[in-house]
Structures are given as structure tokens and as C-alpha cells.
Amino acid sequence: MGKHDWREPPKKWNFRTRAAHVGYDPFLSMGAARPPIFSCSTFIAENAEKLENMFRRSAGLDKVLAPDDEWPIYTRISNPNFIMLCDRLQCLEQGADNSRAVYFPSGLSAIFTTVLALCNPGDTLIFGIPIYGGTDHQFRHLMPEKLGLNVVPVDVSDPNKMEEAIKKYANTLKLVFIETPANPSLTMVDIQAVADLTHSLSDGILAVDNTFMSPILQHPFKYGTDIIIYSGTKSIGGHSDLIAGFIVDRDVSRAAKINSTRSTSGPTPSAYDAWLLFRSLDTLEVRVLKSQENTKKVAKFLLDHPKVDRVIYPDFYDKNSANWEIYQKQCEGPGSMITFDPAGGKEESYTILNNLEIFGLAVSLGGVESLAENPWFHTHLDVPDEDKLNSNFKPQTVRLAVGLEDPDDLCGDLEQALARI
Ligand SMILES: Cc1ncc(COP(=O)(O)O)c(C=O)c1O
């Protein structure tokens, strides 16, 4: 055992120190400075009694929290690399005393499994629009058609609509799900206001997709969120080389229920990906802050460009708007996503996308390389046109995810592509 408890970091440790040390005890692996990859399906127990205890704990029958509470039985249930990763991720969240992370093979799997664990047929799920297109599809199609849920989309740009929906469905409300900033309009949703409404008017819980801001730039537990959701594919993974998802729950027993729903319904992430993600957490803050610095320069370049009609970036919100007020209250930076409208329509947007040389024409975000796409016709193709228009994006809108290249080169790339329209 090392000099400190590797699962419970000293309270005085700051973020960077926790991100670099929590979760791994070298003395459990012959002093190896970095963790090994536990590439195995099953784990040997010392004796039959211990194996029974492990099953009891895994099934939630034995609630005693022992240090080896999550001692792995079988990798579909848990694995040392998953435990290290979750210990490290959960200690980076602020605003909840005792939260617990659960690791999934994708962000969408994290969302689906959370709904499966918490909702029953006939329950109501309210979700804010706009939201990531894949989540939108799950909520509008899979959940009502396959799980029998009453799913209610609510425009997040109008807080009154959220209040009306929560009041209307209070009796059956199980889950309110929001994404903030919303994808791709970057609309800010007031987490505290939605948490207060959810908790005061119903027995429902609030889940917030914090993928865009990451644990560096927004701390939803501080504002009353019950569950934080991440696509780990994005800045947490950070290198566009894996797909992953997480939930972090302020309630440990609810997290155990969600993990048990994951393992019994089958989706299992890989130990190798968990090992990569653990390594990526070491550099999360450095990467997020550097790409944000780049993004500020790119956003300013677009704002000043004569062929750009509109740039949506949190730093440019009207100082009298609700977006600005919420941004100031709950975000610690503007992040690395920009949404802009070039002059013209779909054709001009496609001309830009087809001529970019450094920005990859691809969906996703949070990697080393910068990416560009057209949300109307790509990520959000499936969303009804009316909802897209109400959600403040248009057929010509371009979404940029800025990475870690030289920002002058990124501006030069946009300059030459904009010159084609
Ligand atoms: C905000 C947000 N949430 C969730 C997801 C889904 O994550 P995954 O692709 O890891 O399943 C995405 C994917 O782009 C996303 O952008």
C-alpha cells in the first residue's frame, strides 16, 4: 500500500494532483509506475466464501462497504481498469460528497442504460431540445416505442416551457434530461433552476449531459444535478481513438443499480479502452484549456469575417441575455465548440466544408484534431425541421470542434475555405 489511500485522495489535493494520482496504487502491481491492462474475462477468488461475498456485494445484498467491495468477479460486471478509471473520474467532480462513476462502452449506452435502470413503462421522461442527435433519436423513438415511456421534448430556450412541462407531468415524472450548452445551438440551460423545479414539483431526478464542458469547465453537482452524463469519446478520451461513456451519480446506491443494469443487460467496455481513458484523465485539464484558448482565437476570427453572418460562442452572448447570465453563473470557460452561419445557404456551407484542409469533415469533438460538420444535415438530420429552426440553427449552420493545432493555421484554413463562397 502506498503513502496515501489511492481511492480517497487527501482533501487538500487540488484538481491536477487528483487527476494524476487517484485510482492507482503502484504497490498492488509490483511498483509499476503506470497501471497494467487487466485483459482477462474472469478473476480467481481465494475461497468459496469470498466468492459468495463478492456476489452478494455485486447483487446489492451485502451493503457493507469494504475496501474490496468492488473486487472484480468477471469483466462484464467489473474489472480493475474500470475501477481505477471510475475512482479517478468521480474524484474530479465537485459539488457532491460521495459520488460514484459508472463506465460504459459509449455515451449513448450510458444514457440508454440510465433510463432503463430508472424508468418503468408509463413513466414520463422530459428532455430539453436541442440535444445531441443520437440522444434525440433514442428519446423520441426507442424510449416510447420499445420502453413504453411518455417522452416529452421541451424547448430549452424558454424556461417557462420547462416549468409547464414539469408541472403537467409531475405525477409520472421520473427523469428530466438536459444538455448544456445544448448541441449545436450552445443555448445555456440554468441547471439550478431545472433542478429546483424537478425536485420541488415531482419525485423525478435531473440528469445533465456535461460532455461539451467536461469536468473542467462545468460542475453540475454544484447546481443540484443528480446524475452527470458524459460521452467519454470526446474530451475525456481526447484523442478520437475510442468510444466510451460515463455516468457520475451523487447517490452511490443508484449508481450501483445503474451499473447492475448495465452488466445484466450486457454492454461491456474494454479494459484497454479503460486504460487509455485513465491515461487521458492525466492531461484532461491541459488539453481542455489549450483547445479553449485556440477556440477563442478562431471564434474572434469568424466574428470579424465579412462572409460570416452569425457566430454563436458563449463569450459573444449579449450581456443582457439569459444565456450570458447562465454562462457567467455556471461555466468556468466558453469551451471549444463554435457554431456559425456563413453567408448563403446549404450550398455555401458545403463549399466551406468540402474545402477545409486542416479541419476534418467529421462529427465528434474533444480530440487533438479540429473537426467541422453541418448539424442540420449531419448530426441532427433526424430531428424534425421545425424543432431545428426553433432551436436556433439553420441549413447553412456549421459546427466546429476546435482541437490543439496552431490557431493561426486553423484561421488560415477557414479563410481559404470562406474565400470559395
Ligand atoms: C453531447 C453528446 N452526448 C452524448 C453523445 C453520445 O456519445 P457516444 O458517441 O460516445 O455514444 C454525443 C456524441 O456525439 C454527444 O455529442
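Our subject is the structure that appears above.
What this report covers is the structure whose coordinates are included nearby.

What counts, and at which threshold
- Residues numbered from 1 in each chain as written.
- Predicted model: local features only at pLDDT ≥ 70, side-chain atom pairs only at ≥ 80, totals over all residues.
- Buried ≥ 20, exposed ≤ 12 C-beta atoms within 10 Å, placed from the backbone.
- Helix = DSSP H or I, 4+ residues; strand = E, 2+ residues; numbered from the N terminus.
- Pairing = 2+ DSSP bridges.
- Right-handed = clockwise from strand over helix to strand, strands pointing away.
- Core = buried A, V, L, I, M, F, W, Y, C linked by C-beta atoms within 7 Å.
- Domains from an automatic or database assignment.
- Contact = placed C-beta atoms within 7 Å.
- Near = placed C-beta within 6 Å.
- Nonpolar A, V, L, I, M, F, W, Y, C, P; charged D, E, K, R; others polar.
- Axes fitted to C-alpha atoms, helices over the stretch in contact; angles between N-to-C directions.

**Things to note about the pairing of strand β2 (residues 124-129)**
Part 1 of the argument: Burial within β2 is extensive, with six of its six residues counted as buried.
Part 2 of the argument: Relative to strand β3 (residues 150-155), β2 runs parallel, the two being bridged by six bridges. In the sheet register, L125 faces β3, and the bridge partner there is V151.
Part 3 of the argument: A crossover connection joins β2 to the parallel β3 through helix α5 (residues 133-147); in handedness this β-α-β unit is right-handed.
Part 4 of the argument: The pairing of β2 with strand β4 (residues 173-179) spans four bridges and is classified as parallel. Paired with I126 across the two strands is V176, which belongs to β4.

**Quick look at the nonpolar core**
In globular proteins that are soluble, nonpolar side chains generally tend to be buried together.
Part 1 of the argument: Counting residues in each nonpolar core, the largest one holds 110 residues, and the members touching the most others are L125, F246 and I338.
Part 2 of the argument: Ranked by residues supplied to this core, first place goes to helix α10 (residues 271-282) with seven residues.
Part 3 of the argument: When residues are assigned to domains, this core turns out to be shared by domain 1 (15-282) and domain 2 (285-418), each giving three or more.
Part 4 of the argument: Setting aside chain neighbours within four positions, we find I338 in contact with T295, V298, A299, L302, V311, Y313, L400 and V402.

**Structural notes on the site of the ligand**
Part 1 of the argument: Of all residues adjacent to the ligand, which total 16 residues, the nearest are S106, G107, L108, S231 and T233.
Part 2 of the argument: For the shell around the ligand, the secondary-structure elements that each account for two or more residues are α4 (107-118) and α5.
Part 3 of the argument: Across the shell around the ligand, the residue classes break down as four nonpolar, 10 polar and two charged.

**Some words on the sheet that holds strand β10 (residues 360-361)**
Part 1 of the argument: The strand order β8-β9-β12-β11-β10 describes an open sheet built from five strands, whose pairing is mixed. With one partner strand each, in any of the chains shown, β8 (308-312) and β10 form the two edges of the open sheet.
Part 2 of the argument: The pairing of strand β11 (residues 371-373) with strand β12 (residues 398-401) spans three bridges and is classified as antiparallel. Across the sheet, residue L371 finds its bridge partner in β12, namely A401.
Part 3 of the argument: Packed onto the sheet, helix α11 (residues 284-303) meets β8, β9 (337-342) and β12 and runs at close to 15° relative to β9.

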